[in-house]
Amino acid sequence: MNAVLFDMDGVLVNSEDYWTEFQAEDILPAAVPDDDVDVAEVTGMNYRETYDYLEAEYGTAVSREEFEERFEETAREIYREHVDPVDGLHDLLAELDDRGVERALVSSSPHEWIDIVLERFDLEGSFDHVISAEDIDAAGKPEPDVFEYAASEVGVPAEECVVVEDSENGVEAGARAGALVVAYRIDAHDDLDLSPADEIADSAAELRETVLELAS
């Protein structure tokens, strides 16, 4: 494998703990008060597509503007004040760099949020490419488009890329793109169907070991 495509939330930083709480206790009950929506249904989606999904599947009780504003305000707080990088992240990225393996950050989050994480944790320059789903005019995860686009930007066929994801939607997107998928099982997500993944890591140490075994 000649490239590794990393999701951000839950893979590079432990933000899913905060996002899961926010969605379960705040935004989903406000947006869809008459239905019990499982957070896993929308995890990994771009937040604007989350609104589209909720509106189509359930009907929403808040406006798009209010929904997006609440997401954006929460994102700035989460990334600036709460999250930490996954254990061993800098060492993993440095080892991949030493091996000449292309590294891309591929997230459903907008660049504004990604940039906060990169700057706060001294990750600027650690990735050859930084890609947001908002860079392309296509469907987000679980559709494969963003990973297909990332592979083309990296210049490596998707079949020669390792995708590292933690959500059902992200794992499915990577698998549908034809990449080799490593699922990172985290405490923030319970009982996910990670069966499309080729490998499953249950700890940061196992994730690092698995990625390095797969990357040339």
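By the naming in an unreviewed UniProt entry, the protein is HAD family phosphatase, taken from Haloterrigena gelatinilytica.

A.B. asks: Please clarify how the pairing of strand E5 (residues 180–184) should be interpreted in this entry.
C.D. replies: For a regular strand, side chains alternate in direction, first toward one face of the sheet and then toward the other. Within E5, 5 of the 5 residues are buried, which leaves the element mostly enclosed by the surrounding structure. Neither face of E5 is exposed, since Leu180, Val182 and Tyr184 on one face and Val181 and Ala183 on the opposite face are all buried. Examined bridge by bridge, strand E4 (residues 161–165) and E5 share 4 bridges and lie parallel to one another. Along E5, the bridge assignment pairs Val163 with Val181.

A.B. asks: Just checking my understanding: could you explain the sheet that holds strand E3 (residues 129–132) for this structure?
C.D. replies: Strand pairing in a sheet is mediated by backbone hydrogen bonds. Such pairs are either parallel or antiparallel. The 6 strands lie next to each other as E3-E2-E1-E4-E5-E6, forming an open sheet whose pairing is parallel. Every other strand in the sheet has two partners, leaving E3 and strand E6 (199–201) as the edge strands with one partner each. Shown here is a sheet whose adjacent strand axes are inclined to one another by a mean of 20°, direction ignored. Sheet strands in contact with helix H6 (residues 145–154) are strand E1 (3–6), strand E2 (102–107), E3 and E4, and its direction is about 155° off that of E3.

A.B. asks: Got a minute to help me understand a negative patch on the surface in this structure?
C.D. replies: Taken together, the side chains of Asp34, Asp35, Asp36 and Asp38 define an acidic patch exposed on the protein surface. Locating Asp36 in the fold gives a position in the loop between helix H1 (16–31) and helix H2 (47–57).

A.B. asks: Hey, could you run me through the pattern of salt bridges in this one?
C.D. replies: Pairing between side chains becomes possible if they bear opposite charge and their charged atoms approach one another. Following the criterion strictly, the structure yields 16 salt bridges and no others. Arg48 is the partner of Glu72 in a salt bridge, and the nearest nitrogen-oxygen pair spans 3.7 Å. Here Arg48 lies in helix H2 and Glu72 lies in helix H3 (residues 64–82), a separation of 24 residues in the sequence. A relative accessible area of 18% places Glu72 in the buried class. By relative accessible area, Arg48 is classed as partly exposed at 30%. Arg185 is the partner of Asp202 in a salt bridge, and the nearest nitrogen-oxygen pair spans 2.6 Å. Here Arg185 lies in the loop between E5 and E6 and Asp202 lies in the loop between E6 and helix H8 (204–214), a separation of 17 residues in the sequence.

A.B. asks: Hey, could you run me through the packing of H3 against helix H5 (residues 111–120) in this one?
C.D. replies: Angle between the axes and distance between the axes are the two parameters that describe a pair of packed helices. Running from amino to carboxyl end, H3 crosses H5 at an angle of 5°, the nearest separation of the two axes being 9 Å. In terms of axis orientation, H3 runs roughly parallel to H5. In contact with Phe71, Glu72, Ala75, Arg76, Ile78, Tyr79, Arg80, Glu81 and His82 of H3, H5 contributes Glu112, Trp113, Ile116, Val117 and Arg120. Per-class residue counts for the contact of H3 with H5 are 7 nonpolar, 1 polar and 6 charged.

Criteria and cut-off values
Along each chain, the written sequence defines residue order, and numbers are assigned to residues from 1. Residues qualify for local features only when their pLDDT is at least 70, as the model is predicted, and side-chain atom pairs are given and counted only at 80 or more; totals for whole chains, interfaces and linings, by contrast, use all residues. Excluding hydrogens and water, the side-chain figures rest on all heavy atoms present in the structure. Only protein chains enter the accessibility calculation, which uses a 1.4 Å probe; a residue is then buried when its area is under 20% of its type maximum, exposed when over 50%, and partly exposed in between. Under the scheme used here, helices are H or I runs from DSSP no shorter than 4 residues and strands are E runs no shorter than 2 residues, and both carry numbers assigned from the N terminus. Only strands that DSSP links by at least two bridges are regarded as paired with each other. Only the stretch in contact is used when a helix axis is fitted, and all axes are lines through C-alpha atoms; the angle between N-to-C directions ranges over 0 to 180 degrees. Here, two residues are considered to be in contact whenever any of their heavy atoms come within 4.5 Å of each other. By definition, no residue in a patch forms a salt bridge, and every one has over 30% relative accessible area; like charges are joined within 9 Å, nonpolar side chains (Val, Leu, Ile, Met, Phe, Trp, Tyr) within 5 Å. Only the protein chains shown count as cover for residues, and the accessible areas themselves come from Shrake-Rupley with a 1.4 Å probe. Salt bridges are defined as contacts in which a side-chain nitrogen from Lys or Arg sits within 4 Å of a carboxyl oxygen from Asp or Glu. Asp and Glu are treated as the negative residues and Lys and Arg as the positive ones, with His and the ends of the chain left uncounted. Throughout, a charge is located at the NZ atom of Lys, the CZ atom of Arg, the CG atom of Asp or the CD atom of Glu. Reported orientations rely on four angle classes, namely roughly parallel under 35 degrees, roughly antiparallel over 145, roughly perpendicular from 65 to 115, and oblique for the rest. Residues are sorted three ways: Asp, Glu, Lys and Arg are charged, Ala, Val, Leu, Ile, Met, Phe, Trp, Tyr, Cys and Pro are nonpolar, and all the rest, Gly among them, are polar.

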